[in-house]
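Residues per chain, in single letters:
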Amino acid sequence: MPTGAVQSHWIYRLGVLHTALDRLDALHEQWLLTRDSLPADAQPGTPLFNDALAEHHAESWSYLDDWATHGHVLKDINSAARCASTPLAPPPTAVAAPGRSPSVRR
């Protein structure tokens, strides 16, 4: 992508998203361990299970908020990349439909 198309805040926002995703992955792994360590009678809907799940959700909210706040940068980068011309991509060429010969006007 041409340097002029790159916004300086993208690096910061991508860093926030990357960190949040890493943290959410770690919290998910922690939740799986917590869930698996609960007694057999601690099923969804029981206070013990619900309290553990609520704690997991509380720890996750700030990272989900980071995604809600900064996630649009992925769309912004994609849009800029689609609009930017680059010497790496050849220009599109017209291709005749299979089984049809191009018509020539004489």
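Here, every reference points to the structure presented above.
Residues numbered from 1 in each chain as written. Predicted model: local features only at pLDDT ≥ 70, side-chain atom pairs only at ≥ 80, totals over all residues. Heavy atoms only, no water.

## Some thoughts on the packing of helix α1 (residues 9–37) against helix α2 (residues 47–70)
- Between α1 and α2, the least distance of the axes is 8 Å, while the angle of their chain directions is 170°. By the angle class used here, α1 and α2 are roughly antiparallel.
- Looking at the contact of α1 with α2 residue by residue, the classes come out as 14 nonpolar, 7 polar and 5 charged. (Axes fitted to C-alpha atoms, helices over the stretch in contact; angles between N-to-C directions. Helix = DSSP H or I, 4+ residues; strand = E, 2+ residues; numbered from the N terminus. Parallel < 35°, antiparallel > 145°, perpendicular 65-115°, else oblique. Nonpolar A, V, L, I, M, F, W, Y, C, P; charged D, E, K, R; others polar.)

## Regarding α2
- Given a rise of 1.5 Å per residue, 24 residues ought to cover 34 Å, and the 34 Å separating the end C-alpha atoms of α2 matches this to within 8%.
- The largest bend in α2 is about 40°, located at tryptophan 61.
- Taken together, the buried positions of α2 are Phe49, Ala52, His56, Ser60 and His70.
- Turning to α2, the residues buried within the fold contact α1 and α3 (72–83). (Expected span 1.5 Å × (residues − 1). Bend = angle between axes of the 7 residues up to and from the residue. Buried < 20%, exposed > 50% of the residue type's maximum accessible area, 1.4 Å probe, protein only. Contact = heavy atoms within 4.5 Å.)

## Remarks on the packing of aromatic side chains
- Going through the model one piece at a time under the given rule, you end up with 1 aromatic pair.
- Where tryptophan 31 meets phenylalanine 49, the ring centres are 5.5 Å apart and the plane angle is 80°; that geometry is what we call edge-to-face. Here phenylalanine 49 lies in helix α2 and tryptophan 31 lies in helix α1, a separation of 18 residues in the sequence. Like tryptophan 31, the residue phenylalanine 49 is buried in the burial classification. (Phe/Tyr/Trp six-rings, centres within 6.5 Å; stacked < 30°, edge-to-face > 60°.)

## Brief notes about the side chain of histidine 56
- Following the sequence through the fold, histidine 56 ends up in helix α2.
- Looking at histidine 56, the relative accessible area reads 13%, which means it is buried.
- If we ignore the near neighbours within four places in the chain, the residues touching histidine 56 are Leu27, His28 and Trp31.

## What to know about the pattern of salt bridges
- Overall, the coordinates contain 1 salt bridge when judged by the stated rule.
- When the shortest N-O distance is used, the salt bridge between aspartate 36 and arginine 35 registers 3.3 Å.
- Note on arginine 35: relative accessible area 36%, which makes it partly exposed. (Salt bridge = Lys/Arg side-chain N within 4 Å of Asp/Glu carboxyl O.)

## Observations concerning the side chain of histidine 70
- Its place among the elements puts histidine 70 in helix α2.
- Histidine 70 gets classed as buried once you look at its relative accessible area, which sits at 11%.
- In this structure histidine 70 touches Tyr12, Arg13, Val16 and Leu17, once residues within four positions along its chain are discounted.

## Quick look at α3
- Helix length check: α3 (12 residues) gives 17 Å between terminal C-alpha atoms against 16 Å at 1.5 Å per residue, within 8%.
- For α3, the set of buried residues is Val73, Ile77 and Ala80. Along the axis of α3, the buried positions cluster into a sector of 65°, meaning they face one direction only. Residues of α3 that are exposed and point more than 90 degrees away from the buried face comprise Lys75, Arg82 and Cys83.
- As for α3, its buried residues are in contact with α1 and α2. (Arc of directions from axis to C-beta.)

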